[in-house]
Amino acid sequence: MLEKILKGGKLEKKIIANIKNYLNILYSAMECLKNVFITKDIERAHCIDNLEREADLLRREIVSTIYEGAFLPYIRPNISTFIEIVEKAFDALKTCAFEFRYLNKEFFEKIKDEVIKIAEINLEMCEILIKAFQCLIEENNLRERNLAIRICEKKIDEIKQDLTQKIRQREIVNFWEGKNISEFIEALVKISDLIEDASDYLYILDISLR
Amino acid sequence: MGKKVWEIMNPKIEIISADASVYYAIERLIDKRIRSLLVLPRDEKDDYGVVTVRNIVFKVLAKNKDPHTVKIGEICSKPLITVSKDTPVEELLELMERNNIARIFVREKNKIIGVVSFFDIMHHILIERAKK
């Protein structure tokens, strides 16, 4: 039934393929961000901008195809909302990469382990989100994926606490430096929040379609 | 599973001195919402220990002993069962089952660098299952 509703016709199939691509681009962007942190190569951060642009084109195509008549009308807003949540994750990634360019590298060394750990968990969450979307289509066990994403998010919350403690020990003497650190961390930990929201949304979508 | 212990361990360890009172340990366990504390060695010849809620209940409270006067060193479990950070998770799990223990500390050289509990293992297994 679910498969019929979601994978009905040509337009539906096109959207599903595009959403999968969209999520794969998110994964690539996250992988790129993790590598930027590991190598500390600021130039590599531009790959996130490129991937975000590519994803933006895909998002427009998905939304316009939805309103060309794909899916039953009551499902359309739900799919659009899911895409909008993922789009916010792209925004957070972009902000994070942008702020990293201006981050004091000496200070970064002090928080590097936590930052890389968060980037790794973000990547893991994105991998599970892709599986979760596949589960929605195949009527598989989405609940297990949703739980795993919640576990990952909890881990990031714990790391965020340690990170905040470390940051508070640093004396901020310049407004822009403080703003830069704050926005960098804010964006980094926001990614997992948004993936969790997207996963919750898929779960709600799954339940509503039963 | 394929992962190593360092990938799933919790590097945050709460420590306590062997000379501290059991009551102090109870306060720490309640405040931090944890179930065990790593007991520091008294000297270079001594080894680490662990004090758990189980130790406190069975060895002090159930026996009506005064937690203010009993020292941690008198009730903690020693020697500590430890693994290296490169131990595979499967091996760790076997060790926990064989010794009937809920947590294993991770040792590097002579220093404790982390702890793995059943919760960490459960989280790890659930995440790996979700990725399949």
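The rules behind these values
- Residues numbered from 1 in each chain as written.
- Chains lettered and ligands numbered in written order.
- Predicted model: local features only at pLDDT ≥ 70, side-chain atom pairs only at ≥ 80, totals over all residues.
- Pairing = 2+ DSSP bridges.
- Helix = DSSP H or I, 4+ residues; strand = E, 2+ residues; numbered from the N terminus.
- pLDDT = per-residue confidence, 0-100.
- Contact = placed C-beta atoms within 7 Å.
- Nonpolar A, V, L, I, M, F, W, Y, C, P; charged D, E, K, R; others polar.

Things to note about the sheet that holds strand β3 (residues 49-52) of chain B
All names here are of chain B. Here we have three strands laid out as an open sheet, ordered β1-β2-β3, and mixed in their pairing. Either end of the sheet is taken by a strand with one partner, and the two such strands are β1 (15-16) and β3. Here β1 pairs with strand β2 (residues 36-39) via two bridges, running parallel. When the bridges of β2 are listed, Ile-16 appears paired with Val-39.

Quick look at the confidence of the model for chain B
Across chain B, pLDDT averages 93, with 99% of residues at or above 70. Prediction confidence for the complex, expressed as pTM and ipTM, is 0.86 and 0.80 respectively.

Notes on the interface of chain A and chain B
In this assembly, 10 residues from chain A lie in contact with six residues from chain B. For the side of chain A that touches chain B, the secondary structure elements donating two or more residues are α5 (105-138) and α6 (142-168) of chain A. If you tally residues by element for the side of chain A that touches chain B, the top one is α6(A), at six residues. Here the residues of the side of chain A that touches chain B are counted per class, giving five nonpolar, no polar and five charged.

Some remarks on the sheet that holds strand β4 (residues 82-83) of chain B
All names here are of chain B. Spatial ordering of the open sheet is given by β4-β5-β6, a layout of three strands whose pairing is mixed. The outermost strands of the open sheet, each flanked by one partner alone, are β4 and β6 (111-117). One ladder, built from six bridges, connects strand β5 (residues 103-108) with β6; its direction is antiparallel. Following the sheet pairing, Glu-108 is matched in β6 by Lys-111.

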